[in-house]
Amino acid sequence: FDGATGKISWEQRRPVPASWASPVVVELAGKPQVITISVPWAISYAATDGTELWRAGEFDGEITPSPIAAGGFVLLVSPSNKMAAVRPDGAGDVSKTHEKWAAEDSIPDVTSPVSNGELVFVVNTGGMLTCYDVKNGKKVWEQDLNMEVQSSPAIAGNKLYIFGTKGAAVVIEAGRQF
C-alpha cells in the first residue's frame, strides 16, 4: 500500500496455500525484500514492485513460525522439522544452491526464532529452549524450561525473554551459555 494515500501499490498472487506466519520486510542483498513462507515455499518479493526474487522449498506442516533475518541469512522454519538458513541473494528456485545450513533438533512448532545477529534462539511448545550459532547452525546449548510456551521469544538489549502460557517469565542473557 502507498503510505500517503492508502492505495494499493502492487498485489501479487502467491502459488501457495494460506499460512499462519507473518511476512517480514528486510533489507538484504542490497534491496528491500518481503519474505513469506507457506507450504511448500518460502518466497521473497521485491518490496518495490512485488516481483518474485527467489524461492526456497521443502517446507511442510502448519506453517506458524515467521521468517527472520539474521547474520546475513533468512531463517526459515518448517514446524517441528527443520530450521534453514538461506542466503537471500539468489534468483529463481534457490532450494539446492543457497541453503547454508539446516538444524533439526528441538525445532519450534508455533513460535518464531529470534536472533541477536550472532546467535539464534528457538523455543518449542514443550519449553525446550535451544541456542544455535547463526553462522554455521551448530547447537551452542539447550535447556528445558519445564513450561509450555506458545509465544515467540524476544531480545531486548542483551537479555532474552520467554513467556510461558501460565504467566511465568524466563529472562536470561542472550549469550553462548545458559
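Shown above is the structure to which this text applies.
Residues numbered from 1 in each chain as written. Predicted model: local features only at pLDDT ≥ 70, side-chain atom pairs only at ≥ 80, totals over all residues. Heavy atoms only, no water.

Draft legend 1. Representation of the pattern of salt bridges. Summed over all chains, the structure comprises eight salt bridges. Notably, a salt bridge pairs E58 with K96, separated by 3.7 Å at the nearest N-O pair. Within this pair, whereas E58 is found in the loop between β4 (52-56) and β5 (68-70), its partner K96 is found in the loop between β8 (92-93) and β9 (99-103), the two being separated by 38 residues in sequence. Of the residues examined, E58 reaches a relative accessible area of 55% and is grouped as exposed. (Salt bridge = Lys/Arg side-chain N within 4 Å of Asp/Glu carboxyl O. Helix = DSSP H or I, 4+ residues; strand = E, 2+ residues; numbered from the N terminus. Buried < 20%, exposed > 50% of the residue type's maximum accessible area, 1.4 Å probe, protein only.)

Draft legend 2. Structural context of the sheet that holds β9. Taken together, four strands build an open sheet; the order of strands is β5-β6-β7-β9 and the sheet is antiparallel. If you trace the sheet from one side to the other, it starts and ends with β5 and β9, each paired once. For this sheet, the mean inter-axis angle between neighbouring strands, taken without regard to orientation, is 25°. Two strands pair when backbone bridges link them, and β5 and strand β6 (residues 73-78) are joined in this way by three bridges, in the antiparallel orientation. Counted as the bridge partner of A69 is V74 from β6. (Pairing = 2+ DSSP bridges. Axes fitted to C-alpha atoms, helices over the stretch in contact; angles between N-to-C directions.)

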